[in-house]
Amino acid sequence: MSEQLTLDANDMRFNLTGQILIAMPAMEDPYFSKSVILVCNHDHDGAMGMILNHPLQLNVGDLFEQLDMACETDYQQERLVHFGGPVQVERGFVLHSPATEFNTTMELSEGLAMTSSKDILEAAARDEAPQDMFIALGYTGWSAGQLEEEIQANAWLTLPLEDNQQLHKLIFKLPNDDKLSWAMQQLGVDFATLSEVAGHA
């Protein structure tokens, strides 16, 4: 039997920034059930993430209309808007590649950034935005030590994707319905047969 993993919120050798969280089957919270989450930031103060596979009944054209912005580019208008999490659901967040600089851009990894300012949508309306964009309303947040406690309680599986091509594929290329099964395949685990009380390796 492997030694139990103990996670100390003060030990930042355990840092999930840039990694993927996969909700365990026992996760009953409707916000997070079967969710795949990119951890955008993880430090002593807590963690911030973006759900990658929960689309809203809303597309970018609808969003532009709500913001009273004109957009003549059909493919931009047809992009889906996603539910990024239950925190600040009135606020938009855009994951994008390449990591072009906008007013409030945070680089997450090589070639991947997150922007929360309106200017990236204005660029999209002019068809001058980054090629790959994932647009979400709201984000997922954890207070200091909370994510570590949830992982110890077997609420999440963690998936490090050190290959940027794999990470970009998950965020930008895969259909939402395929993201959970693809992420599980990278771990070599079948979600359908995963025990709800399985230990976390």
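Residues numbered from 1 in each chain as written. Predicted model: local features only at pLDDT ≥ 70, side-chain atom pairs only at ≥ 80, totals over all residues. Heavy atoms only, no water.

S.K.: Looking at this structure, I do not really get the environment of Pro55. What am I missing?
M.R.: Residue position: Pro55 is located in strand E4 (residues 55–59). Along the sequence, Pro55 and Leu80 sit 25 residues apart, while their C-alpha atoms lie 6.6 Å from each other. Setting aside anything within four residues of it in sequence, one finds Pro55 in contact with Leu80, Val81, His82 and Asn176. (Helix = DSSP H or I, 4+ residues; strand = E, 2+ residues; numbered from the N terminus. Contact = heavy atoms within 4.5 Å.)

S.K.: In this structure, what is going on with the side chain of Ser35? I would like to understand it.
M.R.: Its place among the elements puts Ser35 in the loop between strand E1 (20–23) and strand E2 (36–43). Here Phe32 takes part through its backbone oxygen, which lies 2.6 Å from a polar atom of the side chain of Ser35. (Polar contact = N/O pair within 3.5 Å; in protein donor to acceptor, adjacent residues only side chain to side chain.)

S.K.: Please explain helix H6 (residues 176–187) as it appears in this structure.
M.R.: Owing to its 3.6 residues per turn, the α-helix brings residues three or four apart onto one side. Taken together, the buried positions of H6 are Asn176, Lys179, Leu180, Trp182, Ala183 and Met184. Downstream of H6 by one or two residues, Gly188 has phi in the positive range, about 75°. (Buried < 20%, exposed > 50% of the residue type's maximum accessible area, 1.4 Å probe, protein only.)

S.K.: Any chance you could explain the nonpolar core here in plain terms?
M.R.: The nonpolar side chains of a soluble globular protein tend to be buried with one another. In this structure, Ile20, Leu38, Met50, Leu52, Leu95 and Ile171 are the most contacted members of the largest nonpolar core, which totals 30 residues. In contact with Leu95, not counting residues within four places along its chain, are Leu38, Cys40, Met50, Leu52, Leu108, Ala113, Met114, Asp132, Met133, Phe134, Ile171 and Phe172. Counting 18 residues, the second-largest nonpolar core is a separate cluster that includes Met69, Val94, Ala125 and Leu137. (Core = buried A, V, L, I, M, F, W, Y, C linked by side-chain atoms within 4.5 Å.)

S.K.: Mind showing me how you'd approach the environment of Ser97 here?
M.R.: Tracing the sequence through the fold places Ser97 in strand E6 (residues 87–97). Here Ser97 falls in the buried class, since its relative accessible area comes to 11%. Considering only alpha carbons, one finds Ser97 and Ala129, 32 residues apart in sequence, at a separation of 9.4 Å. Among all residues touching Ser97, those that are not within four sequence positions of it are Gly111, Pro130, Gln131, Asp132, His168 and Phe172.

S.K.: Looking at this model, I keep getting lost on the environment of Gly49. Mind explaining?
M.R.: Secondary-structure assignment places Gly49 in strand E3 (residues 46–51). Judged by relative accessible area, Gly49 falls into the buried class, the value being 0%. For the pair Gly49 and Ile20, spaced 29 residues apart in sequence, the C-alpha separation works out to 9.1 Å.

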